[in-house]
Amino acid sequence: MLKPITLNRYVFHSLRKLLSTWVRTTVENNNSEALQLQPGKPVVYVIHQRSLTDLMVLEGECIKAGLPRPYKPSDPNHPENKAHFFLNQYEGLILQRERPEPPELLAQLVKQVEEQQLDVQIVPVTIFWGRSPEKEQSAFKLLFDWNFSLGGRFRKFLATLLHGRQTMVYFSPALSLQEIIGDSQNHARSVRKVNRILRVHFRQKKASVLGPDLSHRRMLVNSLIHTPRIQKAIGAEATAREITLVEAEAKAQKYANEIASDFSMPVIRFLDIILTWFWNKLYSGVKVNHIEPLKALAQTHTIVYIPCHRSHIDYLLLSYVLFYEGLPPPHIAAGINLNMPVVGTILRKSGAFFMRRTFRGNPLYSTVFHEYMYTLTSKGFATEYFIEGGRSRTGRTLSPKTGMLSITIRSFLRDHRKPLAFVPVYIGYEKLLEMASYLGELRGEAKKSESPMDIVRTLAALRKEFGKAWITFGEPVDLGSYLNKEAPHWQDTADTKDKPEWLVKTTSNLSDMLAGRINSAAVINPVNLVAMALLSSPRHALGEEELIRQLDGYTRLLSMVPYSDRTTMTDLDARSMIHYVENLQLVQRKTDALGDIISMDEKTAISMTYYRNNVLHIFAIPSLISCFFVNSASIPRKQILRICAILYPYFQAELYLQWTQHEALAIVQKWLDCLEEEGLITRGNEDNGDAGAGESCYFQPDPSSSEYIMLNVLSRSIVQTLERFYMVISLLLRNGSGNIEAEALEHQSGVLAQRLSIIHGLNAPEFFDKSLFRSFIAQMQHHDVLDITQTNKLVFGDNIQQIADQAHFLLTTEIRHSIDQTSRYGVSNSSEEKEST
């Protein structure tokens, strides 16, 4: 028998249908699996604020998703009790005040569980009308007490009218009322406990989606200037510069205005529309990986995003993705060079705060900036900065700068009530907007300063194909837990104004860990793989079928030994990868009687080194192992592990590999097993002429086989790194111990590399990048292979010669001979220069 439709139900559903013609929703977790609902147990929804409009939206979403409906009775015996309740209750028609008592239905449900031992599933639902954070110290909040609101119903009507098409509905996993209550025998205490848990949940959900309440920029700047630390710095500035306190304070206020962001939701919404068009026009999609763990983390932690820096649009892309995924856009540290007319204003209103390249010699500016960062982190605002300092021109992860990390740690020391987590972010592009300017800078051209005309040039590029953009969120680092391991007594120094002794080393280690975790979240896209294969081939060309075999081999190997659980790889097959990269106009196809040849011209080959370098760290270990079998018919297992153990610290420092020394040797063994399983190498016992079994040994495949070709191509990925290492060692031996300074060795190495690149036609500008040589020399000092005398000369022992003697396992005779001959020429030239001076 059908139940009669009451007037209230008729009016409710009529209004709901009318509302649905205007409201447009974005919904999360609106299915039984995501909510973890258990069949047979009643479901009751809880909404934070009392709102008939919210209930109508919830009813409509549950109907569409096939979920239990909130407007139906939760208990057939009590039809007046609907399957929902509002956590906050208000009294009054115009001047509304929150009632302190818990909702009546909640108390009834708790009593039902206590008496009947029947569980009830509570599903919290959060509904946002628009994405605007509240403003602290607004006129309403100053005029009325904190728990009053004026004209709530009218404001809700306006919110529905203005923001109804940007409504967000978040279903949270069901909470078991029975599990929350547990064995408690006190009814009132149980009700308060459930009420408190729900309030905390809604508060955390609001903070994770909208962020903390924003201060008006003028109020923020004024409050900054009057903090004790800045007031003290103002006094010191007045004394040092011999100016008045008023002038020094005006200077501090100017710095604060120069730094502070001016977050504006209307600008964010405007950019949302523009950037949606821009990404769809420029890229054929933005792919996001591992966002769900971040959403959970954002509810309990202050988030600091640490992305790699590939392009100027990194700023916009990450903020856009976070906003689109329902997370608050971060406050972004941007270089003062981006504070240009128009562009700077837009960036500032979308969350950017600006910083100078150096604080040196300006203690007042430094204090203002430190205090601003402390304000952001202590209030729980998400922030973002690039620890590489600048954009990578080579595609590699650059050596991290520790300045911003140090400021963040010191801010956390002052106030660590809320946990803080660093979230590494990998940003990858299949084709880069700034590639032409990067290549010019690598050839020695001066870096062009940013200007508004860059926007015009960017718009002109929209006619080209740029493939996809990728964002992967890496494994977070909880700062409190990290400090507990690195500096166990860190809380003892929390109140000090001086830098703790442990800060420099701890920050340096943290920066290396974050760089490693950025690399661990890398995306292996079709452009990366095709670049890796063709750049490792003679004349950067392969027959199509041969290239397909190479790409298939790469994908099989990388799926057998994944770099990390955060690494993502394209799901295209080899032939589709080639067509995909061909459509991006990064490779050329030529046809002859034997079939198609896929190749790159010289200019494109140079730019493709950038995309190869994005994933070079992933290929480092298998490529290094392959070098052994290209240069030796057989090699004992112990010898492989021994040489890998010697070289790994230098590879780790240059490529920011994620493993410790001990873990790396286990990975080497995994790769040996993988290569053996794929038939690229074989394993047996070396015949040592004794009666017993010989030493465990690996053998290369037949040099005429396709397996050998695969190993040969794979080995070339890392050969240039090995060549650089051998150049430095060769130059050290040529100069002799105690006869050369580190700076001179770095210069000689760069000159030698540049000469070899011309002789051998190497199209990799980073091959003679002085910073890579500088890093290798520094690592040799760190591992006590080199030492520096009081006269700044480099001294070394016999172990340098022992390392050089191992080169025949990894580098061909031709390469070693070429480096030795050219290094001898380079040293004699440098000696002649000294004599002439």
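Everything quoted here is computed from the prediction, not taken from an experiment.

Asker: Give a detailed account of the packing of aromatic side chains, specifying residues and quantitative values.
Answerer: Pairs of aromatic rings are described using the distance from one ring centre to the other and the angle between the two planes. Inspection of the entire model under this criterion finds 26 aromatic pairs. Judged by centre distance (3.8 Å) and plane angle (0 degrees), the ring pair of Phe12 and Tyr71 falls under stacked. You can see Phe12 sitting in helix H1 (residues 7–20) and its partner Tyr71 sitting in the loop between helix H3 (52–65) and strand S3 (84–91), a full 59 residues away along the chain. Grouping residues by exposure puts Phe12 and Tyr71 together as buried. Between the aromatic rings of Tyr650 and Phe725, the centroid separation amounts to 6.2 Å while the plane-to-plane angle is 65 degrees, which identifies the pairing as edge-to-face. Of the two residues, Tyr650 is situated in helix H27 (residues 637–655) and Phe725 in helix H29 (residues 706–735); the sequence distance between them amounts to 75 residues. A single burial state applies to Tyr650 and to Phe725, both of which are buried. Taken together, the aromatic side chains of Phe278, Trp279, Tyr283, Tyr320, Tyr324, Tyr429 and Phe466 make up a single cluster linked through ring pairs. When the ring centre of Tyr374 is taken as reference, the NZ or CZ atom of Arg414 above it lies at 3.7 Å. Here the guanidinium or amino end of Lys431 rests over the ring plane of Phe466, the centre of that ring lying 5.7 Å away.

Asker: Before we move on, could you go through the sheet that holds strand S22 (residues 634–636) and cite the residues and values that matter?
Answerer: With antiparallel pairing, three strands are arranged side by side in an open sheet as S22-S24-S23. Lying at the two open borders of the sheet, with one neighbouring strand each, are S22 and strand S23 (682–685). Averaged over all pairs of adjacent strands, the angle between their axes in this sheet comes to 30 degrees, without regard to strand direction. Pairing of S22 with strand S24 (residues 696–699) involves three bridges; the strand directions are antiparallel. Considered in S24, the bridge of Pro636 is made with Cys697. Strands S22, S23 and S24 of the sheet are contacted by H27, whose axis makes an angle of about 75 degrees with S22.

Asker: Residues and numbers for the packing of H29 against helix H31 (residues 770–782), please.
Answerer: Put simply, H29 and H31 touch, their axes get as near as 10 Å, and they point 65 degrees apart. The interaxial crossing formed by H29 with H31 has right-handed handedness. Here H29 contributes Arg724, Phe725, Met727, Val728, Ile729 and Leu732 to the contact with H31, which in turn contributes Leu772, Phe773, Phe776, Ile777 and Met780.

Asker: Outline helix H12 (residues 265–282), supporting the account with residue identities and numerical values.
Answerer: Given 3.6 residues per helical turn, the α-helix brings residues three or four places apart onto the same face. Taking 1.5 Å of rise per residue, 18 residues should cover 26 Å, and H12 covers 24 Å from first to last C-alpha, within 8% of that figure. When we look at burial in H12, the residues that qualify are Met265, Val267, Ile268, Arg269, Leu271, Asp272, Leu275, Phe278, Trp279 and Leu282.

Asker: Go over the pattern of salt bridges, please, and point to the residues and values.
Answerer: Applying the stated criterion to the full structure yields 23 salt bridges. Between Lys295 and Glu28 there is a salt bridge; the shortest N-O distance is 2.5 Å. With Lys295 in helix H13 (residues 292–298) and Glu28 in strand S1 (residues 25–28), this residue pair connects regions lying 267 residues apart in the sequence. Pair check on accessibility: Lys295 and Glu28 agree, each one buried. For the salt bridge of Lys349 with Asp262, the shortest nitrogen-to-oxygen distance reads 2.9 Å. Of this pair, Lys349 sits in helix H15 (residues 343–349) while Asp262 sits in the loop between helix H11 (245–259) and H12, and the two are 87 residues apart along the sequence. A relative accessible area of 26% means that Asp262 is categorised as partly exposed. One connected set of salt bridges, linked through shared partners, spans Glu544, Glu545, Arg575, Glu582, Arg589 and Asp596.

Asker: Summarise the sheet that holds strand S21 (residues 595–599); cite the residues concerned and give the values.
Answerer: One open sheet holds the three strands; their spatial order is S18-S21-S20, and the pairing between them is antiparallel. Pairing within the sheet leaves two strands with one partner each, and these edge strands are strand S18 (541–543) and strand S20 (588–592). Within the sheet, the average angular offset between the axes of one strand and its neighbour, ignoring direction, is 25 degrees. Across five bridges, S20 lies against S21 in antiparallel orientation. What sits directly across from Thr591, in S21, is Asp596. Set on the sheet, helix H23 (residues 544–560) makes contact with S18, S20 and S21; between it and S18 the angle comes to about 100 degrees.

Asker: Residues and numbers for the nonpolar core, please.
Answerer: Among the nonpolar cores identified, the biggest contains 190 residues, and Tyr305 and Phe422 are the most heavily contacted of them. Looking at this core, the element that brings in the most residues is H29, giving 14 residues. Among all residues touching Tyr305, those that are not within four sequence positions of it are Leu294, Leu318, Leu322, Leu327, Pro330, Ala382, Thr383, Glu384, Tyr385, Val423, Val425 and Phe473. Counting residues in hydrophobic clusters, the runner-up holds 24 residues, among them Ile47, Met56, Leu58 and Val169.

Asker: So what's going on with a positive patch on the surface? Which residues, and what values?
Answerer: Taken together, Arg189, Arg192, Lys193 and Arg196 make up a surface patch of like positive charges. Relative to the elements of secondary structure, Arg192 occurs in helix H8 (residues 187–210).

Asker: Talk me through the environment of Tyr385; I want residue IDs and the actual numbers.
Answerer: Mapped onto the elements of the fold, Tyr385 is located in the loop between strand S13 (383–384) and helix H17 (403–414). Judged by its relative accessible area of 2%, Tyr385 is buried. Along the sequence, Tyr385 and Val304 sit 81 residues apart, while their C-alpha atoms lie 7.9 Å from each other. In contact with Tyr385, not counting residues within four places along its chain, are Val304, Tyr305, Ile306, Pro307, Ala333, Met373, Met404, Leu405, Thr408 and Phe422. Of the polar contacts made by the side chain of Tyr385, one reaches the backbone oxygen of Met404; its length is 3.5 Å.

Asker: Account for helix H24 (residues 574–583), naming residues and giving values.
Answerer: For H24, the complete set of buried residues consists of Ala574, Met577, Ile578, Tyr580 and Val581. For H24, the buried positions fall inside an angular range of 165 degrees around the axis, keeping them on one side. Of the surrounding secondary structure, the elements contacted by the buried residues of H24 are helix H22 (526–535), H23, S20, S21 and helix H25 (602–614). Capping of H24 at its N-terminal end is provided by Asp573; its side-chain oxygen lies 3.1 Å from the backbone amide nitrogen of Arg575.

Asker: Lay out a nonpolar patch on the surface in plain terms, naming residues and giving numbers.
Answerer: A cluster of nonpolar side chains, namely Tyr10, Val11, Leu15, Leu18 and Leu52, defines an oily patch on the protein surface of about 500 Å² accessible area. With four residues, the top contributor of residues to the nonpolar patch is H1. Within the fold, Tyr10 resides in helix H1.

Asker: Residue-level account of unusual backbone geometry, with values.
Answerer: Backbone geometry places Gln36, a non-glycine residue, at a positive phi of 60 degrees. Assignment of secondary structure puts Gln36 in the loop between helix H2 (32–35) and strand S2 (43–49). In this structure, Tyr656 takes a positive phi of about 55 degrees despite not being glycine. Mapped onto the elements, Tyr656 comes out in the loop between H27 and helix H28 (661–677). What makes Tyr656 buried here is its relative accessible area of 10%.

Asker: Can you break down the pairing of strand S7 (residues 167–171) residue by residue, with the values?
Answerer: Consecutive side chains along a regular strand alternate between the two faces of the sheet. Of all five residues making up S7, five are buried, and the element is well covered by its neighbours. Of the two faces of S7, the one carrying Thr167, Val169 and Phe171 and the one carrying Met168 and Tyr170 are both buried. Pairing geometry for S1 and S7, over four bridges, is parallel. Paired with Glu28 across the two strands is Tyr170, which belongs to S7. With five bridges joining them, strand S5 (residues 121–129) and S7 adopt antiparallel strand pairing. Opposite Val125, over in S7, you have Phe171 as the bridge partner.

Calculation criteria
- In this numbering scheme, every chain counts its residues from 1 along its sequence in written order.
- Two thresholds apply to this predicted model, a pLDDT of at least 70 for residue-level local features and 80 or more for giving and counting side-chain atom pairs, whereas whole-chain, interface and lining totals are computed over all residues.
- Processing note: side-chain calculations cover all non-hydrogen atoms of the structure and skip hydrogens and water entirely.
- Pairing of aromatic side chains requires ring centres within 6.5 Å, counting the rings of Phe and Tyr and the six-membered ring of Trp. Pairs whose planes differ by under 30 degrees are stacked, by over 60 edge-to-face, and all others tilted.
- Put simply, DSSP H or I for four residues or longer makes a helix, DSSP E for two residues or longer makes a strand, and each gets a number counted from the N terminus.
- Only protein chains enter the calculation, and the probe is 1.4 Å; a residue is then buried if its accessible area is under 20% of its type maximum, exposed if over 50%, and partly exposed in between.
- Our definition puts a charge over a ring when NZ of Lys or CZ of Arg is within 6 Å of the ring centre and also within 35 degrees of the ring normal.
- Here, strands pair whenever DSSP counts at least two bridges between them.
- Here an axis means a line fitted to C-alpha atoms, over the contact stretch when the element is a helix, while the angle between two N-to-C directions is reported on a 0 to 180 degree scale.
- Working rule for contacts: check all heavy atoms of both residues, and any pair within 4.5 Å makes them a contact.
- Take the far helix as your reference; a near helix turned counterclockwise from it by less than a right angle gives a left-handed crossing, and one turned clockwise gives a right-handed crossing.
- Helix span, as expected, comes to 1.5 Å for every residue beyond the first.
- In the sections that follow, a salt bridge refers to a side-chain nitrogen of Lys or Arg positioned within 4 Å of a carboxyl oxygen of Asp or Glu.
- Side-chain atoms within 4.5 Å link the members of a nonpolar core, which is a set of buried Ala, Val, Leu, Ile, Met, Phe, Trp, Tyr and Cys residues.
- The patches reported here contain residues having more than 30% relative accessible area and no salt bridge. Joining distances are 9 Å for like charges and 5 Å for nonpolar side chains (Val, Leu, Ile, Met, Phe, Trp, Tyr).
- Using the Shrake-Rupley algorithm and a 1.4 Å probe, accessible areas are obtained, with residue cover drawn only from the displayed protein chains.
- Asp and Glu count as negative and Lys and Arg as positive, but His and the ends of the chain are not part of the count.
- We put the charge of a Lys on NZ, of an Arg on CZ, of an Asp on CG and of a Glu on CD.
- Within 3.5 Å is the distance limit for a polar contact, defined as a pair of N or O atoms, with the added protein rule that one can donate a hydrogen and the other accept it, and that residues adjacent in sequence qualify only through two side-chain atoms.
- Here the arc refers to the set of directions running from the helix axis out to each C-beta atom.

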